[in-house]
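Structure assessment
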Amino acid sequence: MTEKHIVLEDIDPLTFYGVSNVHLQMLRSLYPKLRIVARDNVIRVLGDEEQMASFEEAVEGMRQHVLRFNAIKDEDILDFVKGHRKSDEVPDDVVVYTMSGRPIKARTKNQQRLIEAYHQNDMVFAVGPAGTGKTYLSIALAVKALKEKTAKKIILSRPAVEAGEKLGFLPGDMKEKIDPYLQPLYDALEDMLPQVKLQDMMEKHVIQIAPLAFMRGRTLSDAVVILDEAQNTTTAQIRMFLTRMGWNTKMIITGDMTQIDLPHSQKSGLIEALHILNNVEGIGVVNLDRSDIVRHKLVTRIVNAYENYDKEVKSE
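Parameters and conventions
- Residues numbered from 1 in each chain as written.
- Predicted model: local features only at pLDDT ≥ 70, side-chain atom pairs only at ≥ 80, totals over all residues.
- Heavy atoms only, no water.
- Helix = DSSP H or I, 4+ residues; strand = E, 2+ residues; numbered from the N terminus.
- Polar contact = N/O pair within 3.5 Å; in protein donor to acceptor, adjacent residues only side chain to side chain.
- Contact = heavy atoms within 4.5 Å.
- Buried < 20%, exposed > 50% of the residue type's maximum accessible area, 1.4 Å probe, protein only.
- Pairing = 2+ DSSP bridges.
- Right-handed = clockwise from strand over helix to strand, strands pointing away.

Glancing now at unusual backbone geometry. Note on backbone geometry: most residues besides glycine have negative phi, and most peptide bonds are trans. With phi around 70°, Asp10 is a residue other than glycine that occupies positive phi space. Take Asp10: it is sitting in the loop between strand S1 (2-7) and helix H1 (13-17). With a phi angle near 50°, Asn248 is a residue other than glycine that sits in the positive phi range. Along the chain, Asn248 turns up in the loop between helix H9 (235-242) and strand S10 (250-255).

Pasting the structure below:
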């Protein structure tokens, strides 16, 4: 009688086991000569050696499937058990899948240009109004790089510009004061990675989320580095950030020129960087516009209304 322990690496065990362990129960019924016990991400198997080999192969196929698609169905499990199927490849137009199994892919022409620019350049500027998916899509590209092991870490940063409230007056320690600025980045990651795995990656610094000020003095290598809300950087800040680039690193800089929260006397570092770095080889620039807004239809109307208002103010 053979006993083995199988570790479900890099996936959410709850997705693998199914709601109320329905997938696990299915495996037990398909392998009656095995005693299968699961705890957290470890499956302990005891029993017939021949069925054990088949079980290991099926479980690995299922694990690969969940790793790619963040979901698995009963019919998929049957195919893996019967040996009729190897793990499917992700379609070319899909970046990654969300935790609910929804594919993340370009929904507009400019979003597709952003994906292409990322693959063709080491540094990409993605500029456009709210709701165009520039940050979400950028994080999806970073998660894909991590899953495919073309990058060893993800580094996400934002300038902690005070819009309305002063940091010193917010409650809590420094982390609690800063986290609200970084919450949109956490939200996107939680949509694409299992909660336990995300927490583990952050504890091991495989995924790092930090204010822009924390980037000074670092060299960022073997990583996908994203600077969000770059319109709120000063000239010195964005110059410091861009020169942190190390070997085997890709940088994505996102910003919205209509939401600059800097004092009126201070010029946006993003505007200046786009002017200075125009036509530099290895740097791609993608401009998204109102037609790329993928949020609620009201967001498009709000953006249009404000653009028209800004034009009226300038013409007065």
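With that settled, the discussion passes to the side chain of Asp228. Of note, Asp228 is situated in the loop between strand S9 (223-227) and H9. Among the polar contacts listed, one links the side chain of Asp228 to the side chain of Thr135, at a separation of 2.6 Å. Discounting residues that sit within four places of it in the chain, Asp228 has contacts with Thr135, Ser157, Arg158, Pro159, Leu185 and Thr254.

For the rest of this paragraph, the subject is the pairing of S10. Along S10, six of the six residues are buried, which leaves the element largely enclosed by surrounding structure. Of the two faces of S10, the one holding Lys250, Ile252 and Thr254 and the one holding Met251, Ile253 and Gly255 are both buried throughout. Summarising the sheet, strand S6 (residues 123-127) and S10 pair through five bridges and their orientation is parallel. By the bridge assignment, Val127 is partnered in S10 with Gly255. Here four bridges tie S9 to S10, and the two strands are oriented parallel to one another. In the sheet register, Ile226 faces S10, and the bridge partner there is Ile252. Read as a crossover between parallel neighbours, the route from S9 over H9 to S10 is right-handed.

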